[in-house]
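# Structural features, examined
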Amino acid sequence: MADTAPASRFAAYRIRPPISRRYLISRLVNAALTVWGVITIVFFAMHLTGNPAALLVAANATPQQLAAITRQMGFNQPPVEQYFVFVGQVVRGHFPLSIVYDVQPLQIVFQRLPATLVLGGTGLAGGIVLGLSAGFIAAVGRFPKVRWIPVSLLTAFEGIPSFFLGVVLIALFAITLPLLPLSGDQPPVAIILPALVITLALAAPIARVFRTSLLETRSADHVRLAESKGISPTQVLFRHVVVNSLGPVVNVLGVQAGVVFGGEVVTETVFSWPGVGQLTVTALGNRDYPLVIAAVTVLAIGFVLVNLLVDVVAAALDPRGGHR
């Protein structure tokens, strides 16, 4: 009996072992490989259309100008040599000059990055709060007959494309009821509508996973043990059920980070939000491909870093110690 007591206390309070150095190194290596894969895809995307120099000159450039740019950028060298040169340049942050702005494109991207981070962070925070609230109500709500409603509503919003939902919100709150600005050039209230689009896209999967995790954890052995010890139902619910149900939610956030970074391109364009997403679409329209490449690379690296952070947090919340 005495031998099982420590294990019981471990199960009841879910003591989490520290994250091992081996796990952190493996995640860092995976992140680096992912970034390398993104850079490789960008390189081949540049060469699929033929001579990449054609993307770096004006549409009315003469053959002599095209040939000069080809030699200057080294595009007349063997593809393998071009690849290693390109990877080295990206690692050092050296991209071809922006065609429209005639400066290093990373300089422009970093000017727009704070707006993207603010919008993404606001939408992510809203999605977490709304999703956790809906999932909690669906699992342990006081009125079983109606507690499914919040998750169902969020799932319905999830099925609406972001661009269409954005247009509807603009028509309703900026035109029909002129309560909010039409575009993103009037902060801070201008962030409400685009952040709401991201929030609604994130909240549904978070709510469903949190609900399922809560229901599974409520029937776990350590919860029954806590109840048998006479701990109050409120403490059991929040200390033993809710806290230990957050791990799967964190894993979902890693996947949904793609919604934030990828979906912001559409959302920023619809709401004219001055972030990297709108910058990318504008650069595509202007055939400013160096700027497009820099923006895509930064967004991809941001996505990888967010997933790395989520993996580490999820490992820290994992009571099984599978990350050791």
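Residues numbered from 1 in each chain as written. Predicted model: local features only at pLDDT ≥ 70, side-chain atom pairs only at ≥ 80, totals over all residues. Heavy atoms only, no water.

### Brief notes about the overall build of the chain
Scanning the chain from terminus to terminus reveals 13 helices and 0 strands. Listed N to C, the secondary structure of the chain is α-α-α-α-α-α-α-α-α-α-α-α-α in terms of helices and strands. Burial statistics for the chain: of 324 residues in total, 40% are counted as buried. About 17500 Å² of surface is accessible on the chain, with carbon and sulfur atoms providing 68% of the total. (Helix = DSSP H or I, 4+ residues; strand = E, 2+ residues; numbered from the N terminus. Buried < 20%, exposed > 50% of the residue type's maximum accessible area, 1.4 Å probe, protein only. Areas by Shrake-Rupley, 256 points an atom, 1.4 Å probe, with all protein chains shown as cover.)

### Overview of the packing of aromatic side chains
Throughout the structure, instances matching the rule amount to 2 aromatic pairs. Aromatic side chains Tyr 83 and Phe 84 sit 5.5 Å apart centroid to centroid with 70 degrees between the ring planes, which places their arrangement in the edge-to-face category. When the ring of Phe 136 is compared with that of Phe 238, the centres are 5.9 Å apart and the planes differ by 25 degrees; the resulting orientation is stacked. Linking Phe 136 in helix H5 (residues 105–140) with Phe 238 in helix H10 (residues 233–242), this pair joins segments that are 102 residues apart in sequence. Phe 136 gets classed as partly exposed once you look at its relative accessible area, which sits at 24%. (Phe/Tyr/Trp six-rings, centres within 6.5 Å; stacked < 30°, edge-to-face > 60°.)

### A word on the packing of helix H7 (residues 162–176) against helix H8 (residues 192–218)
Where H7 meets H8, the closest approach of the two axes is 10 Å, and the angle between their N-to-C directions is 140 degrees. Comparing their axes, H8 and H7 come out oblique. For the pair H7 and H8, the crossing hand works out as right-handed. Together, Ser 162, Leu 165, Gly 166, Leu 169, Ile 170 and Phe 173 of H7 and Leu 193, Leu 196, Val 197 and Leu 200 of H8 make up the contact between the two elements. A breakdown of the residues in the contact of H7 with H8 according to their chemical character gives 8 nonpolar, 2 polar and no charged. (Axes fitted to C-alpha atoms, helices over the stretch in contact; angles between N-to-C directions. Parallel < 35°, antiparallel > 145°, perpendicular 65-115°, else oblique. Left-handed = near helix turned anticlockwise from the far one by under 90°. Contact = heavy atoms within 4.5 Å. Nonpolar A, V, L, I, M, F, W, Y, C, P; charged D, E, K, R; others polar.)

### Some points on the nonpolar core
In terms of nonpolar packing, the biggest core is built from 26 residues, with Ile 39, Phe 86, Phe 95, Val 109, Val 276 and Leu 291 touching the most fellow members. When residues of this core are assigned to their parent elements, the largest contribution, 9 residues, is made by helix H13 (residues 289–317). Judged by nonpolar contacts, the second largest core, of 16 residues, contains Ala 134, Leu 165, Leu 200 and Ala 203. (Core = buried A, V, L, I, M, F, W, Y, C linked by side-chain atoms within 4.5 Å.)

### A look at the side chain of Asn 244
Turning to its location among the elements, Asn 244 is positioned in the loop between H10 and helix H11 (246–270). Looking at Asn 244, the relative accessible area reads 12%, which means it is buried.

### A few points about the environment of Ala 316
Residue position: Ala 316 is located in helix H13. Taking the relative accessible area as the measure of exposure, Ala 316 reaches 33% and is therefore partly exposed. In this structure, the C-alpha to C-alpha distance between Ala 316 and Ser 20, residues 296 residues apart in sequence, is 10.0 Å.

### Here's the deal with the pattern of salt bridges
If you walk through the whole model with that rule in mind, you get 1 salt bridge. Close ionic contact of Glu 158 with Arg 208 constitutes a salt bridge, the shortest N to O distance being 2.9 Å. Here Arg 208 lies in helix H8 and Glu 158 lies in helix H6 (residues 149–158), a separation of 50 residues in the sequence. Note on Glu 158: relative accessible area 32%, which makes it partly exposed. Classification of Arg 208 by relative accessible area gives partly exposed; the value is 32%. (Salt bridge = Lys/Arg side-chain N within 4 Å of Asp/Glu carboxyl O.)

### A short note on the confidence of the model for the chain
Looking at the chain as a whole, its pLDDT mean stands at 80, while 85% of the residues score no less than 70. By mean pLDDT, the top-scoring element of the chain is H5 (91), and the lowest-scoring one is helix H1 (residues 5–13) (42). (pLDDT = per-residue confidence, 0-100.)

### Some words on the side chain of Thr 280
With respect to the element layout, Thr 280 can be found in helix H12 (residues 276–285). The buried category is assigned to Thr 280, whose relative accessible area is 9%.

### Digging into a nonpolar patch on the surface
Taken together, the side chains of Phe 143, Val 146, Trp 148, Ile 149, Leu 153 and Phe 157 make up a nonpolar region of the molecular surface, amounting to roughly 600 Å² of accessible area. Locating Phe 157 in the fold gives a position in helix H6. Given the relative accessible area of 34%, Phe 157 is considered partly exposed. (Patch = residues over 30% accessible without salt bridge, like charges linked within 9 Å, V, L, I, M, F, W, Y side chains within 5 Å.)

### What to know about unusual backbone geometry
Not every positive phi belongs to a glycine, and Asp 102 is a case in point at roughly 60 degrees. The exposure class of Asp 102 is exposed, given its relative accessible area of 55%. In this structure, Ser 272 takes a positive phi of about 55 degrees despite not being glycine. Tracing the backbone shows Ser 272 in the loop between H11 and H12.

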